[in-house]
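# Structural overview
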Amino acid sequence: MIEEQDPKRMAQIALVVLLIVGCIAVLLPFIGAVLFAFVVWVCTWRLYADRLLPAIGGRNTLGASLMTLALVLVMLLPTLFLAGSLANGADKLIEFIKPHVNQGLPANSPDWLRGLPFIGTEIDATWHRLAVDREELNGAIRQLIAPARRLALALAGIAANGLLQMALVLFVVFFLYRDGAALSHALLVGSRKLGGDLGENMLEKARGTVVGVMLGIVGTAAAQGTVAMLGFLIAGVPAAVLLGFATFFLSMIPVGPPLIWGGAAAWLYSEGQTGWAVFMVLYGLFVISSIDNFVKPILMARGAGLSILLIALGVLGGVLVFGFIGIFLGPVLLALGEMLLRRWIREEHVT
């Protein structure tokens, strides 16, 4: 028989479930930015709480404002600098191409273009055909305009969305700093209520894993950007500092740095500096890219206290399932799973 309180209890459970689903639905469009704000907050909380707050007399609002301003300087200004430099480079590219569009192509293709292995001959033949037939050249340009416009719009949309997400991250992280002490206490109390000592240990493990992954990402990006800039300076590549910044940002993408040093090697080859081009390729393969392949997993594993295998599987699987934020979620989930498994095996062994 159904007791009188059963329908009331089920209604309460249904109300709680609906409330949770509603909260998730409201936050879902911003979940990536909110989670990333939590990552930034976790990684910088000790610096904020132990050094900044005591220096300003414990004023939370002022401290949160200063910390958010520092993040703006660190995260947004280099991005705007890189975007402005890319726009300037695009203007120079347009100035270079415009005379060829108005006056037609030269009769002969550049020597470096003809000398490209496998495809140089085909490119040279196409170049000659377009140089003598202005109508075909105009048709080829018209065919390229629509894809170029779509690509430009897509890149602009990605940049605008990225800036919007970054602004949201900074907005959320301000309140995390301001109310960080209460939030930290709430997380600690909640973890204790849910799992006792195990819950507290899992919370600390999650924090350590997030900090370790962030250390690996930022440390590897800084190392790659620095050694790449040194390589560009040695090889005499122009705008070496800008290319170093670009390598730093693109190191988040697996194929990002090779696009930079590969482009630098291609420019050196086009300028007739074959020796420096070979140097740039070897330097990129064995110095710049090796940092990402070997140093990043070691930094992540050491900072998070996990094996390199779990870190690698967590990062790759997390990115495939959750996108960018999966870089942090994947290792955290595997770390907590490993902790539970070890705890269960230890208890089984004791009993």
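Residues numbered from 1 in each chain as written. Predicted model: local features only at pLDDT ≥ 70, side-chain atom pairs only at ≥ 80, totals over all residues. Heavy atoms only, no water.

On to helix α2 (residues 31–55), then. At Thr 44, α2 is deflected by roughly 55 degrees, the largest bend along its length. Among the residues of α2, those classed as buried are Ala 33, Val 34, Phe 36, Ala 37, Val 39, Val 40, Trp 41, Val 42, Thr 44, Trp 45, Tyr 48 and Leu 53. Positive phi shows up at Gly 57, right after α2, with a value of about 75 degrees. (Bend = angle between axes of the 7 residues up to and from the residue. Helix = DSSP H or I, 4+ residues; strand = E, 2+ residues; numbered from the N terminus. Buried < 20%, exposed > 50% of the residue type's maximum accessible area, 1.4 Å probe, protein only.)

Within the protein, residue pLDDT values average 79, and 81% of them lie at 70 or more. Ranking the elements of the protein by mean pLDDT puts helix α4 (residues 111–114) last with 66 and α2 first with 87. (pLDDT = per-residue confidence, 0-100.)

What follows covers the packing of helix α8 (residues 240–250) against helix α9 (residues 256–270). Where α8 contacts α9, the two axes come as close as 7 Å, and the packing angle between them is 160 degrees. Relative to α9, α8 is oriented roughly antiparallel. The two elements α8 and α9 meet at a crossing, and its hand is right-handed. Residues Leu 243, Ala 246, Thr 247 and Leu 250 of α8 touch α9, and the partners they reach there are Gly 256, Pro 257 and Ile 260. Looking at the contact of α8 with α9 residue by residue, the classes come out as five nonpolar, two polar and no charged. (Axes fitted to C-alpha atoms, helices over the stretch in contact; angles between N-to-C directions. Parallel < 35°, antiparallel > 145°, perpendicular 65-115°, else oblique. Left-handed = near helix turned anticlockwise from the far one by under 90°. Contact = heavy atoms within 4.5 Å. Nonpolar A, V, L, I, M, F, W, Y, C, P; charged D, E, K, R; others polar.)

Positionally, Arg 178 belongs in helix α6 (residues 134–178). Each C-alpha atom of the pair Arg 178 and Asn 60 lies 5.1 Å from the other, and the pair is 118 residues apart in sequence. What Arg 178 contacts, discounting residues up to four positions off in sequence, is Tyr 48, Asn 60, Thr 61 and Ala 64.

Before going further, it helps to spend a moment on the nonpolar core. Within the largest apolar cluster, 40 residues are counted, with the highest numbers of intra-cluster contacts made by Phe 36, Tyr 177 and Phe 328. At the level of secondary structure, the elements contributing two or more residues to this core comprise α2, α3 (60–103), α6, α7 (180–235), α10 (274–304), α11 (308–322) and α12 (326–350). At 11 residues, α2 tops the list of elements feeding residues into this core. Excluding residues within four positions of it along the chain, Tyr 177 makes contact with Val 40, Trp 41, Thr 44, Trp 45, Tyr 48, Ala 64, Met 67, Thr 68 and Leu 71. (Core = buried A, V, L, I, M, F, W, Y, C linked by side-chain atoms within 4.5 Å.)

Turning our attention to the environment of Gly 330. Relative to the assigned elements, Gly 330 resides in helix α12. Owing to a relative accessible area of 6%, Gly 330 belongs among the buried residues under this scheme. Through-space distance from the C-alpha of Gly 330 to that of Ala 312 is 9.3 Å; in sequence the pair is 18 residues apart. Beyond its immediate sequence surroundings of up to four residues, Gly 330 is in contact with Gly 314 and Gly 318.

This next bit is on the side chain of Thr 68. Counting through the fold element by element, Thr 68 comes out in helix α3. Within the structure, the side chain of Thr 68 is placed 2.7 Å from the backbone oxygen of Ala 64, a separation counted as a polar contact. The residues touching Thr 68, leaving out its near neighbours within four places in the chain, are Leu 170, Val 173, Phe 174 and Tyr 177. (Polar contact = N/O pair within 3.5 Å; in protein donor to acceptor, adjacent residues only side chain to side chain.)

Attention now goes to the pattern of salt bridges. Overall, the coordinates contain four salt bridges when judged by the stated rule. The partner of Glu 338 in a salt bridge is Arg 342, with the nearest N and O atoms 3.2 Å apart. Of the two residues, Glu 338 and Arg 342 are both situated in helix α12; the distance of four residues between them amounts to about one turn of the helix. A residue is classified by how much of its surface remains accessible, and Arg 342, at 53% relative accessible area, is exposed. (Salt bridge = Lys/Arg side-chain N within 4 Å of Asp/Glu carboxyl O.)

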